[in-house]
Amino acid sequence: MGAILADAAHWRMELDAATKITGKAAVMLWSRSVSVRIDGYIIVDPIFLKVVERDNRCQARKERLRFPLMLFRHFPERVGGVIVLPRQVAGNQSSKEESPMEKEGLPALGWAARDTSGHLSPYSFLRRVQEDDDVTIKVLFCGICHTDLHIAKNAWGNTLYPVVPGHEIVGVVTDIGRGVDGFKIGETVGVGYFLGSCRTCISCSKGYENYCAKLELTSNGVGRDGENTRGGFSDVLVVNQEYVLRVPESLPLDGAAPLLCAGVTVYGPMMRHGLNAPGKHLGVVGLGHLAVKFGKAFGMTVTVIRSSPRKRQEALERLGADAFLLSNDPEQMKAAAGTMDGIIDTVSAGHPIVPLLDLLSPMGQIVLVGGPSEPLELPAYAIVPGGKGIVGNCVGGIRDCQAMLDFAGKHGITADVEVVKMDYVNTAVQRLERNDVRYRFVIDVSGSQL
């Protein structure tokens, strides 16, 4: 009876936990792609349990995985984030069943979180086999987003462990399928928040794949092959050509990576709601530095709105904002009432929305991109008399993301980043939780020892 695709060294913590709980000593441990055994138990990578349970119709897949479905249904016991099976259940398996599990795919190395601690550690796995319309990408840089933090710790209750985060990815094409006509080997490309959609729904047909009900997330989703998707905290990706983006040669690659999420998240709604015209007045709640940069490139007057004066100099001198407004200063807020055509609200923590609505001119819009977990308090009087509105936005479609990258390349817009190696990622995540970064962390994946 065989087991895993992960490097056995990556299982040491799980093996220790299983040893403590079961009282069984680990008696055999090989280095890569082999069975891992504890006396009386067989250790099985949980991702294969999910595949088998999800795909009852595919006998060939079950045979390839070499685990009879009945073993998972009737005998599993979860220990320390892995599955342990009583050894005697498989006692009559043939010698072929004792060999390493075979599965087609492209070997990949990354860092994954395995439980709600969110701690990331080395992880080896297989990418799906490249198909005719696929592009294979060597990952060079990957940004760290707040979403990655939430996913790693299962903050939203939907994490598929083990999870490899990362959806702000810049890399180079290393191989293409024979049906690929839009990219060539050696080209610099990007992959954002998603890498697949249905292509037939209303959202997809209008270029808003990001709102497709069948969206395939780059990380912590389910891909076309039925397996969990694993993100850019890894060395290689296989992506359908329709979801690959061209990165302008003029952009530094580390600073371009966060544009694939943070950049399009503000650029898209600014274009859609007319917040891209010279002479208009844009408010930016929080220090959404990319919103400030895009607003200035559009020729707008930009005011940064904060609850503390601590970032005043940074907003005005470093980012080039035209004004700084203290939201807890009644006199300043009164003087600015009715002056703004729109507001991009980037704050993720709960905060009052009505005072911000007072800043808008008639028919102005607040665009929420930060997503506080607390419910909004919104009395009708705050929006009805002035015809004002509140809308949300989640990243952007492929069309908007490519347009954003092209605009950024033309105007020299990149994120302000702190570049780190992969072995620093857990510290970076801790600092991100404290907002101790200016303004985005980016992992130098290709320069790291994975």
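Predicted model only: the values in this text are computed from it and were never measured.

About the criteria used
Residues numbered from 1 in each chain as written. Predicted model: local features only at pLDDT ≥ 70, side-chain atom pairs only at ≥ 80, totals over all residues. Heavy atoms only, no water. Helix = DSSP H or I, 4+ residues; strand = E, 2+ residues; numbered from the N terminus. Buried < 20%, exposed > 50% of the residue type's maximum accessible area, 1.4 Å probe, protein only. Contact = heavy atoms within 4.5 Å. Areas by Shrake-Rupley, 256 points an atom, 1.4 Å probe, with all protein chains shown as cover. Pairing = 2+ DSSP bridges. Axes fitted to C-alpha atoms, helices over the stretch in contact; angles between N-to-C directions.

A. Expanded view of the overall build of the protein chain. Broken down by element type, the protein chain carries 14 helices and 21 strands. The proportion of buried residues among the 450 residues of the protein chain is 54%. Sequence-distant contacts, at least 24 apart, represent 65% of the contacts inside the protein chain between residues at least 6 apart. Accessible surface, the protein chain: about 19700 Å² in total, of which carbon and sulfur atoms supply 51%.

B. Highlighting the sheet that holds strand E17 (residues 340-345). In spatial order, the strands read E16-E15-E14-E17-E18-E19; together these 6 strands make up an open sheet with parallel pairing. The open sheet has two free edges, formed respectively by strand E16 (323-326) and strand E19 (389-392), since each of these has just one partner strand. For this sheet, the mean inter-axis angle between neighbouring strands, taken without regard to orientation, is 25°. Examined bridge by bridge, E17 and strand E18 (residues 360-368) share 5 bridges and lie parallel to one another. Among the inter-strand pairings, Ile 343 is bridged to a residue of E18, identified as Ile 366.

C. Molecular detail of the pairing of strand E9 (residues 188-191). Two strands pair when backbone bridges link them, and strand E8 (residues 169-176) and E9 are joined in this way by 4 bridges, in the antiparallel orientation. The residue bridging Val 172 from the neighbouring strand is Thr 188, located in E9. Of the strand pairs in this sheet, E9 and strand E13 (residues 245-246) are connected by 2 bridges, and their pairing is antiparallel. Across the sheet, residue Gly 190 finds its bridge partner in E13, namely Leu 245.

D. Geometry of helix H9 (residues 289-297). Among the residues making up H9, those that are buried are His 289, Leu 290, Ala 291, Val 292, Phe 294 and Gly 295. Backbone geometry just downstream of H9 places Gly 299 in the positive-phi region, at approximately 85°.

None of the figures reported here should be taken as evidence of function without further support.
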